[in-house]
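The lines below spell out each chain.
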Amino acid sequence: MGVGTVAAGVAKAKADVILVSGYDGGTGASPRSSIQHAGAPWELGLAETNQTLLLNDLRSRVILETDGQLKTGRDVVIACLLGAEEFGFATAPLITLGCLMMRVCHKNTCPVGIATQDPRLREKFAGGADAVVNFMNFVAEEIRETMAKLGFRTINEMVGRVDKLELRKAINHWKAKGLDYSAILHRPDVGPEVGTYCQMKQDHLLDRSLDNREILKRAMPAIENGQAVNIDLPVINTDRVVGTITGAEISRKHGPNGLPEDTVKINLAGSAGQSLGAFCPKGMTFTVTGDTNDYLGKGLSGGKIIVRPPEDSPFVAHENVIAGNVCFYGATAGQAFVSGVVGERFCVRNSGVHAVVEGLGDHGCEYMTGGLVLCLGKTGRNFGAGMSGGVAYIYDEEGDFVSTKLNTEMVKTYPLVECDDHEIDLIKSLITRHVEYTDSPRGIDLLNDWSSAAEKFVKIMPEDYERVLFALKKAEERGLEGDDAIQAAFEENVAAGH
Amino acid sequence: MGKPTGFLEHERQSIPDRSPLERIKDWKEIHEPFDEDKVRQQGSRCMDCGTPYCHTGMTLANMASGCPINNLIPEWNDLVYKGKWRDALARLHKTNNFPEFTGRVCPAPCEGSCVLGVIEPPVTIKSIECSIIDKGFAEGWVTPQPPARRSGKKIAVVGSGPAGMATADQLNKAGHLVTVYERADRIGGLLLYGIPNMKLEKEIVQRRVDLMAAEGIKFVVSTEIGKDLPAKSLLEDFDSVVLCCGATKPRDLPIEGRELKGVHYAMEFLTINTQGLLELKDVTAFETAANSKDVVVIGGGDTGTDCVGTSVRHGCKSITQLEIMPRPPEERADDNPWPEWPKVYKMDYGQEEAKEVFGEDPRNYLTMTKKFSGDDQGNLKGVIICDIEWKMEDGRYSPVEVQGSEREIPAQAAFLAMGFLGPEDTIAEELGLARDSRSNVQADYGRFSTNIEGVFAAGDMRRGQSLVVWAINEGRAAARECDRYLMGETSLP
Ligand SMILES: Cc1cc2nc3c(=O)[nH]c(=O)nc-3n(C[C@H](O)[C@H](O)[C@H](O)COP(=O)(O)OP(=O)(O)OC[C@H]3O[C@@H](n4cnc5c(N)ncnc54)[C@H](O)[C@@H]3O)c2cc1C
Ligand code: SF4
């Protein structure tokens, strides 16, 4: 399957834990087709992963975990013998809490009060932590009994001892005929110097990070006293997750609201490594003059990120890639102004960032649930797949976006010029700010000829989101506020059968 | 599912009953008409569970849990909610040949296993089932559907209870020519001469029989196989025989005074009564009638309830129902969790009526009948009973008399409703059918074939006294096996 190769790669890249997650698990909220027909058994992936890690002497520095419908002590022992030392349980403990496998985890109607926010249903919750503890005690007891039979005293001794697994003779189903399990039950012949379970911690070399070397200490006046700082630094592509450690300190000290906008300004010149600005809170502003790698602004939580080409660069920004793939994945808040094209999967699962770019790759805004994306250039295919919230505006110069690029399953489109003035002004002001931050020639051109440029913008709006926003507005007009208004809007939608 | 929040918005409401004092004045069904919108609302309470139990028909702790004929309940609940009645009817008929019977008399093991029942009163599945089929008939959607082609095979079905009717219906659909033999003067088995009008009006049974006749099934009444016609002749004249003769042999109570005038089997009482009603006779004029008498019903099951309801309608002077088991708890006991059949205290229609008339639930729990006492003319005059306790003896519970609790209650009529022992012996002996330890005809569930080639058995005759819904289940499945036997393959479900 290749999962072993991937595991060896991430072990070298300093992963602490590798999880092989089998196909039989998963949320009850997923579609039936996925529940039944996606993925592969953990047994296969786990065996291959453990063997590859052993052969490359990487096993001893990672924790290997597996999950996927583990329910009994016997399951755990088998997983351990195949190479795991940590084990994930979900369904079985949920059942002990009262889960009835309704598969409505996403509908707020869980009748036993587990996966719901509805107070009427939460009241029905009859379970308790004791039940889970009790269940786990049974699992542990069964593990202990089996270990005693096999002659093991500790889990560590048992990890990867596939030689203790015996094939059941009784399986004479016709489908089992001709199957060869030896690859799964193989135990690599490695010397005693190779550790067979996790024995040491990964050295993440954090002391060599740009944050620990420079940024954090220079940001101290801001973190301690809220004093604005300006940090100018060169950056190269081995500087990964720039700013994140500093961001963590800000969050630790100032909580989720961070600092006032632009308190910590980090100005970088060069080519930034992966995950620049990941998870950074409000108050941090990154200006990268150059380019950035993948995962720019991943999980961004309020910070601001500006990326622009150097002033003297000869190429056309809106036709050239300036940031890698999966930028702003899972971001929850913040702003981004990127003068150039970004890679694939831009703003996937974004729930709050407002981002301006000049072009993006395939699968833009997939599974987006909130926030705003303004793209001043071309997009790749499958834009807006599974997009259930937020809004996007695309400058569709050639007029083929909707017919060739957009995934229309969940979204509607409108010409921007048909939206109300307030909305048109918002887009114009975003472009104005984009130009202020990045000197974007594309932005300048659009503003110079705004009345005809505006004609070419398409607004992409998820259908469900639009309806809920409308219901919310109505609820607010009735005088409801906050959570009450949201609940009313939710109920109105459910009652309408959505 | 149409409405995820239906169960949060609407409370359970079943088809309402007429008031007891009103309904005991007649022999009509106890129900009132049910508003269509209400039924739709009730359909919306179905949660379309990811893991439903209502349709499973499992046996848990020896009781049915979930619908034994695997009715596609969540599907038709949803269709009803959406007002797609005709689709709902088609979906219902896929698994149930006679929803108008089960919708009225089934104890609804589906509802006992309904997931909603974990937190709230369950979906009123049975009422919805009944409403679908009643609407189907009212709208004229249920019409004869004779098979397009005939196979040329001939099958005899003996016994016309729900098992025999279901077998006949299925085999006819498969294109075989079916003849149903019934010893009574009318078709229906216990649906007719067992279950009283109050639960199931006899026009409803006849309506289905007429429909089946129009589809090509031949019904022969007043013909007892083994007496009027030898069973062996069926083996010669037909390609296959399916026996559905029920478990009609009643359990007796061989105690002192059993021979006294006034002591009857419940079935005698109920059958004569129904027959009298069908023939428009005065049912209180029969020797078995209960009017102006102190009545004792021995046995606390469905049959006993029907005796209570019938006696009340006759105008009995008093009524007592004796039950040897303890009174069930109000709520599920710890050893009786969902989705098991809930063994809880219920007020059935007969007891409810007796309570309205006489002021109290007629049931006496933990009582045993010791003897019947009579006058010098040999008429029943009283029943001598005592209280009992269940005591563990030699590893099993047995009833032990409570000292000093013996007493006599006055009675001029006593009805024995203590269940049934098994099928009668006539056919079994004539054909040499193998029997199981409980005297039922031996045939494995799922295969239904007896020890005689080409002879199948289904319903109460095979499984012992049971329920209409199980009879339909077995009848359908036996038809499938019979079809497979005749044709080498089958497309019957
Ligand atoms: C009073 C009473 C009330 C009940 N109430 C309910 C209820 O509310 N709900 C429920 O689900 N179940 C109820 N039951 C049980 C239910 O009626 C039976 O389980 C069901 O009818 C069995 O169906 P069957 O077709 O196997 O047999 P039966 O309905 O007993 O039919 C057997 C038929 O075979 C005929 N027969 C027998 N021998 C011969 C022969 N040699 N030749 C020709 N014909 C023959 C009999 O005359 C009879 O008509 C009740 C039973 C009784 C007695
Ligand atoms: S036949 Fe009985 S168990 Fe089945 S759905 Fe109808 S009422 Fe429920």
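Keep in mind it's a predicted model, so treat the numbers as computed, not measured.

Reading the values: the criteria
- Residues numbered from 1 in each chain as written.
- Chains lettered and ligands numbered in written order.
- Predicted model: local features only at pLDDT ≥ 70, side-chain atom pairs only at ≥ 80, totals over all residues.
- Heavy atoms only, no water.
- Core = buried A, V, L, I, M, F, W, Y, C linked by side-chain atoms within 4.5 Å.
- Buried < 20%, exposed > 50% of the residue type's maximum accessible area, 1.4 Å probe, protein only.
- Helix = DSSP H or I, 4+ residues; strand = E, 2+ residues; numbered from the N terminus.
- Contact = heavy atoms within 4.5 Å.
- Pairing = 2+ DSSP bridges.
- Axes fitted to C-alpha atoms, helices over the stretch in contact; angles between N-to-C directions.
- Buried area = accessible area lost by both parts, 1.4 Å probe.
- Salt bridge = Lys/Arg side-chain N within 4 Å of Asp/Glu carboxyl O.
- Polar contact = N/O pair within 3.5 Å; in protein donor to acceptor, adjacent residues only side chain to side chain.
- Near = heavy atom within 4 Å.
- Nonpolar A, V, L, I, M, F, W, Y, C, P; charged D, E, K, R; others polar.
- Areas by Shrake-Rupley, 256 points an atom, 1.4 Å probe, with all protein chains shown as cover.
- Domains from an automatic or database assignment.
- pLDDT = per-residue confidence, 0-100.

Draft legend 1. Highlighting the nonpolar core. Ile132 and Val242 of chain B are the most contacted members of the largest nonpolar core, which totals 81 residues. The dominant element in this core, judged by the number of residues it contributes, is helix α17 (residues 468-487) of chain B, at nine residues. With sequence-adjacent residues up to four places away left out, valine 242 of chain B is seen in contact with Ile155, Ala156, Val157, Val158, Thr167, Leu171, Phe456, Ala478 and Cys482 of chain B. Listed in part, the 53 residues of the second largest apolar core include Leu259, Val264, Ala331 and Leu360 of chain A.

Draft legend 2. Structural view of the sheet that holds strand β1 (residues 17-21) of chain A. All names here are of chain A. As summarised here, the arrangement of the three strands in space is β1-β2-β3, forming an open sheet in which the pairing is parallel. Of all strands in the sheet, those with a lone pairing partner are β1 and β3 (86-88), marking the two edges. Strand after strand, the sheet turns through a mean of 25° between neighbouring axes, direction not considered. Alignment of β1 against strand β2 (residues 63-67), held across five bridges, turns out to be parallel.

Draft legend 3. Broad picture of the interface of chain B and chain A. Counting from both sides, the interface comprises 16 residues of chain B and, opposite them, 16 residues of chain A. For the pair chain B and chain A, the summed buried area comes to about 1,400 Å², and 69% of that belongs to carbon and sulfur atoms. Considering only the side of chain B, the residues that lose the most area to chain A are Leu8, Gly50 and Ile119 of chain B, jointly responsible for 34% of the buried surface there. At the junction of chain B with chain A, the criterion picks out one salt bridge. A salt bridge links lysine 124 of chain A to glutamate 120 of chain B; the nearest nitrogen and oxygen atoms lie 3.2 Å apart. At the boundary of chain B with chain A, the tally comes to three residue pairs in polar contact (both at pLDDT 80 or more).

Draft legend 4. Inspection of the site of ligand 2 at higher detail. All names here are of chain B. Taken together, 13 residues form the shell around ligand 2, and within it Cys67, Asn71, Cys106, Cys110 and Glu129 come nearest. Ranked by residue count, the leading element in the shell around ligand 2 is helix α8 (residues 125-138), at three residues. Considered class by class, the residues forming the shell around ligand 2 number nine nonpolar, two polar and two charged.

Draft legend 5. Local environment of the side chain of threonine 95 of chain B. Residues and elements named next belong to chain B. Note that threonine 95 resides in helix α5 (residues 85-95). For threonine 95, a relative accessible area of 11% translates into the label buried. Reaching out from threonine 95, the side chain makes a polar contact with the side chain of asparagine 71 at a distance of 2.5 Å. Each residue touching threonine 95, except ones within four places of it in the same chain, is listed here: Ile69, Asn70, Asn71, Leu72 and Arg476.

Draft legend 6. Looking closely at the side chain of serine 44 of chain B. Residues and elements named next belong to chain B. Turning to its location among the elements, serine 44 is positioned in the loop between α3 (36-43) and β1 (58-60). Look at serine 44 and you get buried, because its relative accessible area is 3%. A distance of 2.6 Å separates the side chain of serine 44 from the backbone oxygen of glutamine 41, its partner in a polar contact. Not counting chain neighbours up to four residues away, the residues in contact with serine 44 comprise Lys3, Gly6, Phe7, His10 and Tyr81.

Draft legend 7. Structural detail: the site of ligand 1. Residue and element names in this part refer to chain B. Around ligand 1 lies a shell of 36 residues, among which Val105, Glu182, Lys199, Asp460 and Val468 are the nearest. Between alanine 163 and ligand 1, the recorded distance is 2.9 Å, taken from a backbone N or O atom to an oxygen atom. In this structure, serine 466 approaches ligand 1 through a main-chain N or O atom, which is 3.1 Å from an oxygen atom. Taken by itself ligand 1 offers 990 Å² of open surface, and the protein chains cover 96% of this. Contributions of two or more residues to the shell around ligand 1 are made by α9 (162-173), α12 (266-278), α13 (302-314) and α17. Its residues assigned to classes, the shell around ligand 1 comprises 18 nonpolar, eleven polar and seven charged. Two domains each provide a minimum of three residues to the shell around ligand 1, namely domain 2 (154-249 + 421-487) and domain 3 (252-418).

Draft legend 8. View of the confidence of the model for chain B. Taken over all residues, the pLDDT of chain B has a mean of 95, while the share at 70 or more is 100%. For this predicted complex, the interface score ipTM comes out at 0.82, while the overall pTM is 0.81.

Draft legend 9. Here's a closer look at the domain arrangement of chain B. Residues and elements named next belong to chain B. Looking at chain B, the domain boundaries give domain 1 (6-138), domain 2 (154-249 + 421-487) and domain 3 (252-418). Using C-alpha coordinates to define each centre, domain 1 is positioned 27 Å away from domain 2. Across the boundary between the two partners, domain 1 contributes 26 residues, which contact 26 residues of domain 2. Taking both sides of the interface into account, the surface hidden between domain 1 and domain 2 amounts to around 2,300 Å²; carbon and sulfur atoms contribute 66%. Contact with domain 2 buries surface across domain 1, with Asn97, Phe98 and Phe101 losing the most and accounting together for 28% of the total. Applying the counting criterion to the domain 1 and domain 2 interface returns one salt bridge. Among the ionic pairs, arginine 208 bridges to glutamate 100, the shortest N-O distance being 2.6 Å. At the surface where domain 1 touches domain 2, the tally comes to eleven residue pairs in polar contact (both at pLDDT 80 or more). Contributing elements (two or more residues each) for the side of domain 1 that touches domain 2: α5, α6 (99-105) and α8. Ranked by residue count, the leading element in the side of domain 1 that touches domain 2 is α6, at six residues.

Draft legend 10. Representation of the sheet that holds strand β3 (residues 154-158) of chain B within the structure. All names here are of chain B. Strands sit in the order β5-β4-β3-β6-β18 across an open sheet of five strands; the sheet is parallel. For this open sheet the edge positions go to β5 (218-220) and β18 (455-457), each flanked by a neighbour on one side alone. Shown here is a sheet whose adjacent strand axes are inclined to one another by a mean of 20°, direction ignored. When strand β4 (residues 177-181) meets β5, the two strands line up parallel, connected through three bridges. Looking across to β5, one finds that threonine 179 is bridged to lysine 218.

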